[in-house]
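Structural characterization, general
Listed below are the residues making up each chain.
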Amino acid sequence: MRTGVFFCQTDDSRNLNIDAIAKYSANLPEVETVQILRLKPLPDLRFLSDQITKYSLGRIVIAGDIPGYYKPVFTRAMAMTGGNTDEIRLASFQEYGAKGENAMDRAKAIVACAAMGVPFPLAAVPGGNPVNHATLIIGGGIAGIQSALEIANAGKQVFLVEQTGTIGGHMAMFDKTFPTLDCAACILTPKMVSVGQHEMIRLLTRSKVVAVSGKPGSYRVKIRQSARFVDVKSCVACNQCSEVCPVKVKSEFDAGISLRKAIYIPFPQAVPNAYLVDEKSCTFILSEGKKCGVCVKKCPKECINLNETDHILDIEVGNIILATGYEFLDVSKIEQYGYGVFPNVLTSIEFERLTNASGTTGGRIVTKTKRFNKKTEKDEWIFSPEGVPPRSVALIHCVGSRNKKFNPYCSRVCCMYSLKFAHLIKEKVPNVNVYEFYIDMRAFGKGYEEFAERIKQEGTFIIRGHSASVEMNNDQMVVKGEDIFNDKLVEFQVDMVVLAVGLIPTPGTEELSRMLGIQRDSDGWFSELDYNGSPTDTDKGGIYVAGMCQAPKDIPDTVAQASAVAAGVLGSLTSGKGVGHMSSLTLSEIEAKAKTIHSI
Amino acid sequence: MSIRVNPMFIDDLVRYGAEDVQLCYQCGDCSTVCPHADEVYKFPRKSMRLLQMGLEQKLETTLEPWLCYYCGQCSEQCPREADPGETMMSLRRWLISRYDFTGIARQFFRSRTTEIIAILITAVLTGTFLLIYGFSGGNINVYDGEGAFLPSPFIHKFDLSVGAILVVFLVINAIRMWYLVMIKGTPFDVPWWIYIKQFYQLPWHFFTQKRYAECEKKREHAVYMPWIIHLGLMLGYVTMLILVMVYIEQLQAGPEIRWQVHIFGYLATIGLSIGTIYFIRSRFKKHYIQYKKSHGTDWVFVVLLFIIVVTGIAQHIFHRTGLPEMANTTYVVHLMSVVPWLLRMPFSKWAHLIYRPLAMYFAAIRRDALVRQFSIINSNPLVVK
């Protein structure tokens, strides 16, 4: 079929040499004419129909960033000359990812496929490699749990790797979920228990992926499982070891607002439900067996072995799912809020643990009380259940988010959880004033806007304007801000400040991306293959992203994405054929493949 | 009353130095940290907003830009790096060009080339005039007294005529400022006695620049250096201006300079030299946020002043060490830079010497009038039934 190739507008940032691509496409079979159009703003209809009749074109290829924009004109021109309007092919550099290192080759391949009338994904996606039926999931948060259950319920083997002593991730720390105000634990813990008991899931806690090799469909993964020092199978979580342990350190699960022992269980519903020893604080391990060791003697089941060592596991899997989640920005870097200086300035996760019924105060919202520490002989501020409830609380949105100095992006969940905090404070503390300082209220999901309206009607002072300073005046915290809608500078005396801290990728993200060869975006999150088309795939075959590690998102979106990933994995497992690395095929290979498909 | 929107205003202001206004997303951090923002005058966010909306006619009646002394805390704080401090600075430049009825200031601020060419032409004209005058009636080897190259009575008359031109422009511009701010921009009655009651503000802010010192509030330094140095520069400048305009004959006299004139002259010189050197150095080093961006007119301001100071000192030294020929030559160069400097005054950054105290005065009047207005409204409730 006589083909004409027309190049339209291309973004300069792609660094594509359009002249070279045009020359290349001139040598393709059946290509009669190649033209680079200067489009302002649309090509002339008469000119196009003249070209079609002049070269008697049967097929037209529109190449460029957004060829679909120009398609109607070409369709009309084709119809005017009596040609087949179905033979207008789009070669979109944007859609098929002609950017980065081998952008030129990819762009050429895109044009070649279009000129031969072959859909680009058909020729360019490497496939057909056999897939191992086991799946590795890195990260045991809600995303990892959801994916693991979906895949395991379909009868496929799953390895769930989790760095800490229990699965559950951040969601286990939360009290309520917005906007329904459901109890987070009630949703999560049944899922955690199913993961722990599932015959198709092998749960590897305190484990890290240390090396990955192999090709799509059969990855060989080396996992280092740190010693737990407690036998998971025989431990009954009787708490006797923890009672005798003399070491006290800050609890990670309680975001540092309470203390735990060196032998501990993160929280009562932990899965696996067994104790573990923190090797960084245990006296026995730090003194290399010379001191302490009381827990070993106390344990009635004799399941504690403080001389246990790490072991290495080698497994082979077909697909890998990344669900590594997020961390919080170090808010002490943002000095004007006085975090770490004033005792009652809290981060959002600290407040979340404070208000949680399983937290250190039993869910009572109180300010910190001063207590004399005999060991260090210093006053320290701690939460105690007998503390004084705050008379007024300030909630500050966008701390470190949407800020060019810290995170340029929106963390997406802060508006909603701050509104949820306002509700919880109003609910639990009588006669309290709650001030919310926001810049833009991002209540974007189903039922979110209604939730925001509800909080406003509950009597929370919602102030459009960001507070930039928290100061201490005569032992009273003062939050200053500008109330933009009322055109006033405001100053509120508050007893507690909760900062909606921005989210960042976990520290291990960089190492993992290097190990797997996955791209990261400019903010450090894992890059998906295509933001709109395939938000769960990566450019490596058989490696998927789910949840926060791709970009900040709330729990419903995370769960949806985790299930979508499971669908992708199960698809490759049932067909037995997996997708290869997206950039693994060379131009000549794609050309050859396109020619074969074309000739059929 | 409707206000005309100028959608191109924000682009226009780029020429005055405000490049990043569009980035602002109205969080109000800048107004929160500003030590000068209060219940009546809230800035910089509000000015940024007016600018984004293109409310040119509203902005030209505001006083907020003059209440800012550019400590830079807002720009340090700004999460969008929209640089509110520099925006306020640019608005001051724009306001100067707005108060100026001739339109020259606008040309100068918008084009550095125009400004430099104008300065050069004025300098050359001045130099030619002085040389012709000097050679026609005097001897280049005589500095003072009989047959002097540039006799002091002549310079006195020359200075006074330049000063008269300057005063005419400044007075007209100040009246325009008063009209824009107090008539167009104050939508309620301002009784005459508030003008008298607040009159002390004018000399008070002129001679102390107290609000500049308040920029210091949240900083750790014992003394806010930019304030002290700026004050020294300004006082030195004003002293020197008075000496030159009134006491030029004593100042230029031979060995028998009166000690009062002498002391004031030296003090003024110290203030001027330290000030110019400090500000040039800061603009080069850029270690404070307020010196990060320098508009063309800022450079012209400090460099021209520096040349004036250096030639002034050199001329004095040559004269005192008995080198009349050199002294006369530097004198001509000195005057060649002084005349464009003085003539440029009403159209340049320099005009803030007048506008700033005036703005403080007007701001105090407006605040009083506003309080009075509220009390009138509150004491006379509108009774419907």
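What you see is a predicted model; the values in this text were computed from it and never measured. (Residues numbered from 1 in each chain as written. Chains lettered and ligands numbered in written order. Predicted model: local features only at pLDDT ≥ 70, side-chain atom pairs only at ≥ 80, totals over all residues.)

**Some words on the overall build of chain B**
When you go through chain B residue by residue, the secondary structure sums to 19 helices and zero strands. Computed over C-alpha atoms, the radius of gyration of chain B comes to 23 Å, within 12% of the 21 Å expected from 2.2 N^0.38 for 385 residues, which places it in the range of a compact globule. Overall size of chain B, expressed as C-alpha extent along the three principal axes, is 90 × 45 × 45 Å. Taken across its 385 residues, chain B has 39% of its residues classed as buried. In chain B, the proportion of contacts linking residues at least 24 apart, taken out of those at least 6 apart, comes to 72%. (Helix = DSSP H or I, 4+ residues; strand = E, 2+ residues; numbered from the N terminus. Rg over C-alpha atoms; globule rule 2.2 N^0.38 Å. Buried ≥ 20, exposed ≤ 12 C-beta atoms within 10 Å, placed from the backbone. Contact = placed C-beta atoms within 7 Å.)

**A short note on the overall build of chain A**
Looking only at helices and strands, one finds 16 helices and 32 strands in chain A. Taken along its principal axes, the extent of the C-alpha atoms in chain A is 95 × 65 × 35 Å. Taking all 600 residues of chain A together, 44% fall into the buried category. Of the contacts formed within chain A by residues at least 6 apart in sequence, a portion of 69% connects residues at least 24 apart.

**With respect to unusual backbone geometry**
Residue and element names in this part refer to chain A. Residues Phe178 and Pro179 are joined by a peptide bond in cis, for which omega reads -5°. Considering the arrangement of structural elements, one finds Pro179 in the loop between β8 (176–177) and β9 (182–183). Cis peptide bonds are those with omega within 30 degrees of zero, and the linkage from Val271 to Pro272 qualifies with 0°. Structurally, Pro272 is set in the loop between β15 (263–264) and β16 (276–277).

**Thoughts on the interface of chain A and chain B**
Contacts between the two partners involve 15 residues from chain A and, on the opposite side, 17 residues from chain B. Among the elements that make up the side of chain A that touches chain B, the one with the highest residue count is strand β27 (residues 476–483) of chain A (three residues). Classifying every residue of the side of chain A that touches chain B gives four nonpolar, six polar and five charged. (Nonpolar A, V, L, I, M, F, W, Y, C, P; charged D, E, K, R; others polar.)

**Points about the nonpolar core**
By size, the foremost hydrophobic cluster in this structure holds 131 residues, and its most contacted members are Leu160, Leu322, Val497 and Leu499 of chain A. It is helix α12 (residues 414–428) of chain A that provides the largest number of residues to this core, a total of nine residues. Leaving out residues up to four positions away in the same chain, Val497 of chain A has contacts with Tyr337, Asn344, Val345, Ala394, Ile396, Val470, Met477 and Val479 of chain A. Formed by 84 residues, the second largest nonpolar core is a distinct cluster that contains Phe43, Cys78, Ile248 and Ala268 of chain B. (Core = buried A, V, L, I, M, F, W, Y, C linked by C-beta atoms within 7 Å.)

**Considerations on the packing of helix α12 (residues 201–208) of chain B against helix α19 (residues 352–379) of chain B**
Residues and elements named next belong to chain B. Orientation of α12 relative to α19, taken along the N-to-C sense of each, is 140°, at an axis distance of 8 Å. Between α12 and α19, the angle is such that the two are oblique. α19 is crossed by α12, and the crossing has right-handed handedness. Listed contacts from α19 to Gln201, Leu202, His205 and Phe206 of α12 are Pro357, Met360, Tyr361 and Ala364. Residues of the contact of α12 with α19, tallied by class, amount to six nonpolar, two polar and no charged. (Axes fitted to C-alpha atoms, helices over the stretch in contact; angles between N-to-C directions. Parallel < 35°, antiparallel > 145°, perpendicular 65-115°, else oblique. Left-handed = near helix turned anticlockwise from the far one by under 90°.)

**A few points about the sheet that holds strand β12 (residues 218–225) of chain A**
Residues and elements named next belong to chain A. On the basis of which strands lie adjacent, the open sheet formed by three strands has the order β11-β12-β17 and antiparallel pairing. The open sheet is flanked by β11 (207–215) and β17 (311–317), the only strands paired with a single partner. When strand polarity is set aside, the average angle formed by the axes of neighbouring strands in this sheet is 20°. Alignment of β11 against β12, held across eight bridges, turns out to be antiparallel. Bridge pairing in β12 places Ala211 opposite Lys222. (Pairing = 2+ DSSP bridges.)

**Comments concerning the domain arrangement of chain A**
Residue and element names in this part refer to chain A. Here chain A is described as being made up of domain 1 (3–126 + 585–599), domain 2 (135–226 + 310–325 + 506–579), domain 3 (240–298) and domain 4 (328–504). Here domain 3 and domain 4 have C-alpha centroids that lie 31 Å from each other. Across the boundary between the two partners, domain 3 contributes six residues, which contact eight residues of domain 4. Counted by class, the side of domain 3 that touches domain 4 contains three nonpolar, two polar and one charged residues. (Domains from an automatic or database assignment.)

**Observations regarding the packing of helix α16 (residues 259–285) of chain B against helix α17 (residues 296–320) of chain B**
Residues and elements named next belong to chain B. Close contact between α16 and α17 brings their axes to 10 Å; oriented N to C, the two are set at 140°. Note that α16 runs across α17; the crossing there is left-handed. In this structure, α16 uses Thr269, Leu272, Ser273, Thr276, Phe279, Ile280 and Arg283 to contact α17, whose residues at the interface are Asp298, Val302, Leu305, Phe306, Val309 and Ile313. Split by residue class, the contact of α16 with α17 holds eight nonpolar, three polar and two charged.

**A closer look at the pairing of strand β23 (residues 392–399) of chain A**
Residues and elements named next belong to chain A. Of all the eight residues making up β23, seven are buried; the element is thus mostly covered by neighbouring parts of the structure. Where β23 meets strand β24 (residues 433–438), five bridges bridge the pair, whose relative direction is parallel. Its bridge partner lying in β24, Ser392 is registered against Asn433. You can see the chain leave β23, run along α12 and come back into β24, and the turn it takes is right-handed. (Right-handed = clockwise from strand over helix to strand, strands pointing away.)

**Some thoughts on the domain arrangement of chain B**
Put simply, an interface is often sized by how much accessible area is lost when its parts join up. Residue and element names in this part refer to chain B. Domain annotation for chain B reports domain 1 (9–99) and domain 2 (110–368). Placing a centre on the C-alpha atoms of domain 1 and another on those of domain 2 gives a separation of 27 Å. Put simply, the parts of the chain that give the side of domain 1 that touches domain 2 at least two residues each are α5 (64–67), α6 (73–77) and α7 (84–99). Among the elements that take part in the side of domain 1 that touches domain 2, α7 stands out by supplying six residues, more than any other.

**A few points about the environment of Tyr247 of chain B**
Residues and elements named next belong to chain B. Tracing the sequence through the fold places Tyr247 in the loop between α14 (225–246) and α15 (248–252). On the neighbour-count criterion, Tyr247 (18 C-beta atoms within 10 Å) is partly exposed. Measuring from C-alpha to C-alpha, the distance between Tyr247 and Ser152 comes to 9.9 Å, with 95 residues separating the pair along the chain.

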